[in-house]
Amino acid sequence: MTTLEQKLHFDTIIERIERARLRVNDHHIVKIVAASKYVDAEAIRALYTIGQRAFGENKVQDMKVKIDLLEDLPLEWHFIGNLQKNKINTLLSLNPHLLHSVDSLDLAHALNERLVREGKTLRALVQVNSAYEESKSGFSPEEFGECYSQIVEQCPALHLQGIMSIGAHTDEIKTIQKSFEITRSLFEQTKGATICSMGMSNDFELAIECGSNLVRLGSLLFKH
Ligand SMILES: *Cc1c(COP(=O)(O)O)cnc(C)c1O
């Protein structure tokens, strides 16, 4: 793909986001995080050149390699994958902009402990399993509120900003919509939450219509 073709493709995605957000209301702003796990540093550089600044990785080691190679660019890095406790130190050394996937109290406490020790803070979202799928991590919708409050109280170095969820894995729109609506409702009930991270390549318009203000797009951006 030439740069021009890539720019045109990117523009069509932005137009789709624009139409979806206007169906919510004029003031509903949606951020794009490019899920760059499928591509190498040069493809990230190419997308940056046409205007994308926030990138998300789901493996700490891959993120480290790409950050090192792209040090010269003012990129904003998001960690969107499952975080294993033995990767916490490496992740913190990378100073990510936002961790999307705090999925257990155990992980929250482990993160807080290291952060306090290093005199750092970290912006983070709490992941909810609104689709009730066993393959997905995250708190159940029933326990979410209580656990979010506990993290705020007990883990002061984690600066919670909101909620993250992955839509139901199915072709049934109603089921996906239901999972997004559960997430949105929890988001609205969470004091101080400003980020509702939901929506991927196959369901981002629906996610936006259900209240998402951050979409994580991978295959749509990079696999074409
Ligand atoms: C890969 C990934 C995405 C992007 O998925 P696509 O369907 O390729 O857009 C979003 N969120 C998470 C957590 C991911 O791992």
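Throughout what follows, the structure given in this document is the object of discussion. (Residues numbered from 1 in each chain as written. Predicted model: local features only at pLDDT ≥ 70, side-chain atom pairs only at ≥ 80, totals over all residues. Heavy atoms only, no water.)

## Description of the overall build of the protein chain
We count it as follows: Segments assigned H or I by DSSP are reported as helices when at least four residues long, segments assigned E as strands when at least two residues long, and all are numbered from the N terminus. Only protein chains enter the accessibility calculation, which uses a 1.4 Å probe. A residue is then buried if its area is under 20% of the maximum for its type, exposed if over 50%, and partly exposed in between. Only heavy atoms matter for contacts: two residues are in contact if any of them lie within 4.5 Å across the pair. Exposure was quantified through the Shrake-Rupley algorithm and a 1.4 Å probe, taking into account, for residues, occlusion by the shown protein chains and nothing else.
Secondary structure assignment for the protein chain yields nine helices and eight strands. In terms of overall dimensions, the protein chain has C-alpha extents of about 50 × 40 × 30 Å along its principal axes. For the protein chain, with 224 residues in total, the buried portion stands at 52%. In the protein chain, once contacts between residues fewer than 6 apart in sequence are set aside, the share between residues at least 24 apart is 58%. For the protein chain, the accessible area works out to roughly 11,000 Å², and carbon and sulfur atoms hold 49% of it.

## Concerning the site of the ligand
The line we're drawing: The cutoff for a nearby residue is simple: one of its non-hydrogen atoms must lie within 4 Å of the molecule or strand. Here a polar contact means two N or O atoms within 3.5 Å. Within protein one must be a hydrogen donor candidate and the other an acceptor candidate, and residues neighboring in sequence count only if both atoms are side-chain atoms. Buriedness of a pocket was judged along seven lines, with at least five required to meet protein on both sides within 12 Å; pockets are open sets of points on a 1 Å grid over the protein atoms alone, cavities are sets where a 1.4 Å probe fits but cannot get out, and lining residues have an atom within 4 Å of a point. More than half of a molecule's atoms within 2 Å of the grid points is what it takes for that molecule to sit in a cavity or pocket. Note that Gly is not counted as nonpolar here; it falls among the polar residues with everything else outside the nonpolar set of Ala, Val, Leu, Ile, Met, Phe, Trp, Tyr, Cys and Pro and the charged set of Asp, Glu, Lys and Arg.
Around the ligand, the surrounding shell consists of A35, K37, Y38, N58, I80, M200, S201, R216, L217, G218 and S219. In the environment of the ligand, an oxygen atom lies 2.7 Å from a nitrogen or oxygen atom belonging to the side chain of K37. In this structure, R216 approaches the ligand through a side-chain N or O atom, which is 2.9 Å from a nitrogen atom. When each cavity is represented as a set of grid points, the ligand is found to reside in the largest pocket. Of the residues assigned to the shell around the ligand, the class counts are five nonpolar, four polar and two charged.

## Describing the nonpolar core
Let me state the cut-off plainly: Side-chain atoms within 4.5 Å link the members of a nonpolar core, which is a set of buried Ala, Val, Leu, Ile, Met, Phe, Trp, Tyr and Cys residues.
Core analysis: the largest hydrophobic core is formed by 67 residues, its most contacted members being I17, L83, L99, L111, I151 and L158. When near neighbours in sequence (up to four residues on either side) are disregarded, L83 contacts V60, I88, L91, L99, L107 and L111. In this structure, V33, A54, M164 and I195 belong to the second largest nonpolar core, which totals seven residues.

## Considerations on the pairing of strand β4 (residues 98–102)
To keep it simple, the criterion reads: By the convention used here, strands pair only if DSSP detects at least 2 bridges between them. When the strands point away from the viewer, a crossover counts as right-handed if the path from the first strand over the helix to the second runs clockwise.
Counting buried positions along β4 yields five of five residues, so the element is predominantly enclosed. With two bridges joining them, strand β3 (residues 76–79) and β4 adopt parallel strand pairing. By the bridge assignment for β4, H78 is matched with L98. Read from β3 through helix α4 (residues 88–93) to β4, the crossover connection turns out right-handed. Bridge count between β4 and strand β5 (residues 122–127): two bridges; the pairing is parallel. Note on β5: the bridge partner recorded for L99 is A124.

Everything listed here is a matter of geometry and, on its own, says nothing about what the molecule does.
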